[in-house]
Amino acid sequence: MNTVLLEKVEKALNTIRPYLEADGGNVKVVEITDEMVLKLELTGTCSSCPMSTMTLKAGVEEAIKRDIPEIVKVEAINVAVA
C-alpha cells in the first residue's frame, strides 16, 4: 500500500474519529485498491449499528473525498444490513 496515501487517509480519518469513538466505534483501513477504492472495516459499535451505512457515506466518505480527491469510492467490508 502506498504509504504517503495511507498517511493522508489516516489524517483524514482522524478528523472524524472522535465522533465515531464517542459512540463506541471506529474505522480501520483494510486496503486501498489499484482502482483507488478505500476499503475500511467498521469496528466497535459501528460494525453492528443500523446507521453505519449513513455514517460511512455522510461522514467517512465525505471526509476522505474532501481531503483526498484521488480516492474514488469508500467501502466498508462489514456494513450492517438494515
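Residues numbered from 1 in each chain as written. Predicted model: local features only at pLDDT ≥ 70, side-chain atom pairs only at ≥ 80, totals over all residues. Heavy atoms only, no water.

**Quick look at the nonpolar core**
- With 21 residues, the main nonpolar core has Leu-13, Leu-38, Val-60 and Ile-64 as its most contacted residues.
- By residue number, the principal contributor to this core is helix H1 (residues 3-22), which donates 6 residues.
- Residues in contact with Leu-38, not counting those within four places in the same chain, are Val-9, Val-29, Glu-31, Ile-32, Ile-64, Ile-71, Lys-73, Val-74 and Glu-75. (Core = buried A, V, L, I, M, F, W, Y, C linked by side-chain atoms within 4.5 Å. Buried < 20%, exposed > 50% of the residue type's maximum accessible area, 1.4 Å probe, protein only. Helix = DSSP H or I, 4+ residues; strand = E, 2+ residues; numbered from the N terminus. Contact = heavy atoms within 4.5 Å.)

**Looking at the pairing of strand S3 (residues 73-76)**
- Side-chain alternation along S3 places Val-74 and Ala-76 on a buried face and Lys-73 and Glu-75 on a face that remains uncovered.
- Alignment of strand S2 (residues 37-44) against S3, held across 4 bridges, turns out to be parallel. Following the sheet pairing, Lys-39 is matched in S3 by Glu-75.
- What joins S2 to S3 is helix H2 (residues 52-67), and the crossover it makes is right-handed. (Pairing = 2+ DSSP bridges. Right-handed = clockwise from strand over helix to strand, strands pointing away.)

**Some details on the sheet that holds S3**
- Pairing within the open sheet is mixed, and its 3 strands lie in the order S1-S2-S3. Of all the strands in the sheet, just strand S1 (25-32) and S3 have a single pairing partner and so form its edges. On average, each strand axis in the sheet is tilted by 30 degrees relative to the strand beside it, whichever way the strands run.
- With 7 bridges connecting them, S1 and S2 associate as antiparallel partners. Counted as the bridge partner of Lys-28 is Glu-41 from S2.
- Contacting S1 and S2, H1 runs over the sheet at an angle of about 160 degrees to S1. (Axes fitted to C-alpha atoms, helices over the stretch in contact; angles between N-to-C directions.)

**Digging into the pattern of salt bridges**
- For the coordinates displayed, the defined rule picks out 7 salt bridges.
- With a closest N to O distance of 4.0 Å, Glu-61 and Lys-65 form a salt bridge. Taken together, the positions of Glu-61 and Lys-65, both in helix H2 and 4 residues apart, correspond to about one turn of that helix.
- Under the relative-accessibility criterion, Glu-61 is labelled buried at 10%.
- With its nearest N and O atoms 3.4 Å apart, the salt bridge here joins Arg-66 to Asp-67.
- Look at Asp-67 and you get partly exposed, because its relative accessible area is 37%. (Salt bridge = Lys/Arg side-chain N within 4 Å of Asp/Glu carboxyl O.)

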